[in-house]
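Letter by letter, the chains look like this.
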Amino acid sequence: IKDFKRTLNMKHGYLTRKFTVIDSSERATEVEVKRFLSIVNKEIAAISYSVTPLNHDACITFTPYLDGDISNEDSNYNEKFWIEVEKGENSFSSYLTMKTKKLDFYVTTAMRFNILQDGNPVNGQVEKLAKEKYIANRIFLTAFKGKCTTLYKYISVTNSRYFDNNDLLKNALSLVGTAYITGFDALLKAHCDAWENHWRESDIIIEGDVAAQQGIRFNIFQLNQTYTGEDPALNIGPKGFTGEKY
């Protein structure tokens, strides 16, 4: 692996990752990934995953999936918190509904995806995969030297805090369908515009200390990402949603 670079764009709220893989036969393949959690549509997330063979033709396999088999590394003695309720899939979409063991809190996640080669839609061979708490689609494609192949994955998340349990799946499928039709670039632009509005309201300028400036903006970014202020019954988590301890 060479030229690895990962960048958190705090101004516009997205993460990018780019690198080149060189295998034992000196075949070089460039990978570029961009992902964001929409600050405009709180149930929506999106990922673009681009692969470009630089000096060879290649068979590429994409496996977009939903995985509900989540555990915390350092709490509850490795107990699993989620029970599968239902799942299903079509050729280019899937959904998974889980509930918590203790309080019956329901969450439905749905995904849709499409694949473009040099901007043109392509359909590859699709294999459906399923196991407990997991569902996926595996797609096999041919990619040619110098040609970029991009998978766009759209994700919706609905939960029983904001939707009736009987409506979770219907709303998840509707939301992810709208995101799919809107498209990655338009979703990202709306997201970036909203982040710029947040920065106009909350930025703090520190002159003469680059590290302190970046540090305060990193904290402002995390606070805005953890809690939008829209739900008065919620607050800022003590370690956001990524930490397992207080």
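Everything here concerns the structure above.
The paragraphs below set out a description of the structure included in this document. (Residues numbered from 1 in each chain as written. Predicted model: local features only at pLDDT ≥ 70, side-chain atom pairs only at ≥ 80, totals over all residues. Heavy atoms only, no water.)

**Quick look at the packing of aromatic side chains**
Right, on to step 1. One pass over the full model with this rule turns up nine aromatic pairs.
Right, on to step 2. Judged by centre distance (5.5 Å) and plane angle (70°), the ring pair of F36 and F184 falls under edge-to-face. Note that F36 is positioned in strand β3 (residues 28–37) and F184 in helix α2 (residues 184–202), a separation of 148 residues in sequence. Of the two residues, F36 and F184, neither departs from the other in class, the shared state being buried.
Right, on to step 3. Ring geometry for F92 against F113: centres 5.0 Å apart, planes inclined by 45°, an arrangement best described as tilted. (Phe/Tyr/Trp six-rings, centres within 6.5 Å; stacked < 30°, edge-to-face > 60°. Helix = DSSP H or I, 4+ residues; strand = E, 2+ residues; numbered from the N terminus. Buried < 20%, exposed > 50% of the residue type's maximum accessible area, 1.4 Å probe, protein only.)

**With respect to the side chain of N159**
Right, on to step 1. Looking at the element boundaries, N159 is found in strand β13 (residues 149–159).
Right, on to step 2. When residues no more than four places from it in sequence are discounted, the contact partners of N159 are F105, Y106, V107 and L168. (Contact = heavy atoms within 4.5 Å.)

**Looking at the pattern of salt bridges**
Right, on to step 1. Tallied over the entire structure, the rule returns 12 salt bridges.
Right, on to step 2. In this structure, R27 engages D23 in a salt bridge whose closest nitrogen and oxygen atoms are separated by 2.6 Å.
Right, on to step 3. Judged by its relative accessible area of 40%, R27 is partly exposed.
Right, on to step 4. In this structure, the salt-bridge partner of K170 is D167, at a minimum N-O distance of 3.7 Å.
Right, on to step 5. Connected through shared salt-bridge partners, D69, K80 and K133 make up one network. (Salt bridge = Lys/Arg side-chain N within 4 Å of Asp/Glu carboxyl O.)

**Let's talk about the nonpolar core**
Right, on to step 1. In terms of nonpolar packing, the biggest core is built from 17 residues, with F36, Y154, F184, L187 and L188 touching the most fellow members.
Right, on to step 2. Of all the secondary structure elements, the ones that give two or more residues to this core are β4 (44–53), β9 (106–117), β13, α1 (168–182) and α2.
Right, on to step 3. The residues touching F184, leaving out its near neighbours within four places in the chain, are K34, F36, A46, I47, S48, Y152 and Y154.
Right, on to step 4. Core analysis: the next-biggest nonpolar cluster, separate from the first, contains 11 residues, I60, F113, V122 and L151 among them. (Core = buried A, V, L, I, M, F, W, Y, C linked by side-chain atoms within 4.5 Å.)

**Regarding the state of the cysteines**
Right, on to step 1. The tally for this structure, following the rule as stated, stands at zero disulfides.
Right, on to step 2. For the unlinked cysteine C148, the closest cysteine sulfur is that of C59, found at 16 Å. (Disulfide = S-S within 2.5 Å.)

**What to know about the layout of surface pockets**
Right, on to step 1. Of the voids in this model, the second largest pocket is the one considered here, and its volume is about 380 Å³.
Right, on to step 2. For the second largest pocket, the lining is made up of 16 residues, of which I47, Y49, T63, Y65 and L151 are closest to its centre.
Right, on to step 3. Sorting the residues of the lining of the second largest pocket by element identifies β2 (14–22), β3, β4, β5 (58–62) and β13 as the ones contributing at least two each.
Right, on to step 4. A breakdown of the residues in the lining of the second largest pocket according to their chemical character gives 10 nonpolar, three polar and three charged. (1 Å grid on protein atoms, 1.4 Å probe; cavity = no way out; pocket = protein on both sides within 12 Å on 5 of 7 lines; lining within 4 Å. Points joined across faces, edges and corners; volume = space filled by probe spheres on them. Nonpolar A, V, L, I, M, F, W, Y, C, P; charged D, E, K, R; others polar.)

**Here we look at a nonpolar patch on the surface**
Right, on to step 1. Residues I1, F4 and V21 make up a contiguous nonpolar surface patch of about 320 Å² in total accessible area.
Right, on to step 2. Relative to the helices and strands, I1 is located in the segment before β1 (2–9). (Patch = residues over 30% accessible without salt bridge, like charges linked within 9 Å, V, L, I, M, F, W, Y side chains within 5 Å. Areas by Shrake-Rupley, 256 points an atom, 1.4 Å probe, with all protein chains shown as cover.)

**Side note on the pairing of β3**
Right, on to step 1. Sheet analysis places β2 next to β3, joined by eight bridges and oriented antiparallel. When the bridges of β3 are listed, T16 appears paired with K34.
Right, on to step 2. Examined bridge by bridge, β3 and β4 share nine bridges and lie antiparallel to one another. Looking at β4, one finds that E32 is bridged to S50. (Pairing = 2+ DSSP bridges.)

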